[in-house]
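The primary structure of each chain is shown beneath.
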Amino acid sequence: MNYAIDTHCHLTFLPPKTRKAVIDRALKANVKKLITVACNLEEVGLCLPLTDEYDFIKTTAGIHPTDLGTDIEYDLERVLKYAKNEDKIVAIGEVGLDYYHDRHPHDLQMSYLVGQLNIAKQVNKPAILHCRAGKFAGENSSVFPDMMKVLNETNFFNGVMHCFSGTKKEAEVFLEMGLMISFTGIITYDRNQELRDIIKTMPIEKLMIETDSPFLPPIQYKGKKNEPAFVTEVAKTIAEVRDMSVDEVLEVTSGNAEGFFGI
């Protein structure tokens, strides 16, 4: 199983005319499975046709904390309706808390998160969790404690902390809860030594890789749009940090992803 899985990309953020080339480059780069993640209800409707066209692409249903609506009951009903799709929808996501863009009151963000975690329980699917702190040190730094509070109160631990950017202590808490942690190309940047330190010592069975493309390109592609083919650079950095071969990293992370998402 020495192939890569990009567990989190946004193919619908790309112009339709470029998607096929991006998908083809991923396959050529030994990325055999992709999860194109929805951030709102409209995007679920755009992602589903891609899963019809490509059997190795799956998607999600969820409302991102920067895309919240004004009628939570109606929105959650629609998420649940999509989430019942057994074949194409592999997770609820991405959902969570975003104190960086801070577009919605924190209590509303938490209400949407609780509602969507309950949907995940109802349909027995994992959740892809977004958790981003404020722009400056100390500003809105409560995002990780707030996430922990919601997870504990809902007793929901079947999730992955996507594009993890927290501290080693925060990672340890999430790992103790039983969550998975997924890393992007930001681990390739010199400034993110703490993330590499987390990767070095965390249980490897809790580790997954992703691109979050078209955002966050690895340092080798700085200034370019990120794409699923570049997830192999994340694997290479993990291999260096853990003193493993790239093939070993791919075997473990792909196995973790297949088990977690049921793909």
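You'll find the structure just up there.
Residues numbered from 1 in each chain as written. Predicted model: local features only at pLDDT ≥ 70, side-chain atom pairs only at ≥ 80, totals over all residues. Heavy atoms only, no water.

### A word on the pattern of salt bridges
And then number 1: Using the criterion set out here, one finds five salt bridges in the structure.
And then number 2: Ionic pairing is found between K20 and D24, a salt bridge with its closest N-O pair at 2.9 Å. Pair noted here: K20 and D24 are both in helix 1 (residues 16-28), with a separation of four residues, about one helical turn.
And then number 3: D24 gets classed as partly exposed once you look at its relative accessible area, which sits at 28%.
And then number 4: The residue E227 makes a salt bridge to R25 at a minimum N-O spacing of 2.7 Å. With a gap of 202 residues between them, E227 in the loop between strand 8 (207-209) and helix 8 (231-242) and R25 in helix 1 connect regions that are remote in the sequence.
And then number 5: The exposure class assigned to R25 is partly exposed, which follows from its relative accessible area of 39%. (Salt bridge = Lys/Arg side-chain N within 4 Å of Asp/Glu carboxyl O. Helix = DSSP H or I, 4+ residues; strand = E, 2+ residues; numbered from the N terminus. Buried < 20%, exposed > 50% of the residue type's maximum accessible area, 1.4 Å probe, protein only.)

### Regarding the nonpolar core
And then number 1: One finds L129, F164, F174 and F183 to be the most contacted residues of the largest nonpolar core, which totals 67 residues.
And then number 2: When neighbours within four sequence positions are excluded, F183 is seen to be in contact with F164, L195, I198, I199, M202, L207, M208, I209, E210 and V234.
And then number 3: In terms of nonpolar packing, the next biggest core, distinct from the first, is built from 13 residues, V37, I128, A257 and F260 among them. (Core = buried A, V, L, I, M, F, W, Y, C linked by side-chain atoms within 4.5 Å. Contact = heavy atoms within 4.5 Å.)

### Describing unusual backbone geometry
And then number 1: Of note, the bond from G93 into E94 is cis; its omega dihedral lies within 30 degrees of zero at 0 degrees.
And then number 2: Of note, the bond from S213 into P214 is cis; its omega dihedral lies within 30 degrees of zero at 15 degrees.
And then number 3: Residue placement: P214 occurs in the loop between strand 8 and helix 8.
And then number 4: The backbone of C163 shows a phi angle near 45 degrees, a positive value even though the residue is not glycine.
And then number 5: Structurally, C163 can be placed in the loop between strand 6 (159-161) and helix 6 (168-177).

### A few points about the sheet that holds strand 7 (residues 180-183)
Backbone hydrogen bonds are what pair the strands of a sheet, in a parallel or an antiparallel way.
And then number 1: Spatial ordering of the open sheet is given by 1-2-3-4-5-6-7-8, a layout of eight strands whose pairing is parallel. What marks the edges here is a single partner per strand, and that holds for strand 1 (4-9) and strand 8. Looking at each pair of strands side by side, their axes are set apart by 30 degrees on average, direction ignored.
And then number 2: Looking at chain direction, strand 4 (residues 89-98) and strand 5 (residues 127-132) are connected through five bridges and run parallel. Counterpart to G96 in the pairing with strand 5 is H130.
And then number 3: Together, strand 1, strand 2 (31-36), strand 7 and strand 8 form the strand contacts of helix 8, whose direction differs from that of strand 8 by roughly 145 degrees. (Pairing = 2+ DSSP bridges. Axes fitted to C-alpha atoms, helices over the stretch in contact; angles between N-to-C directions.)

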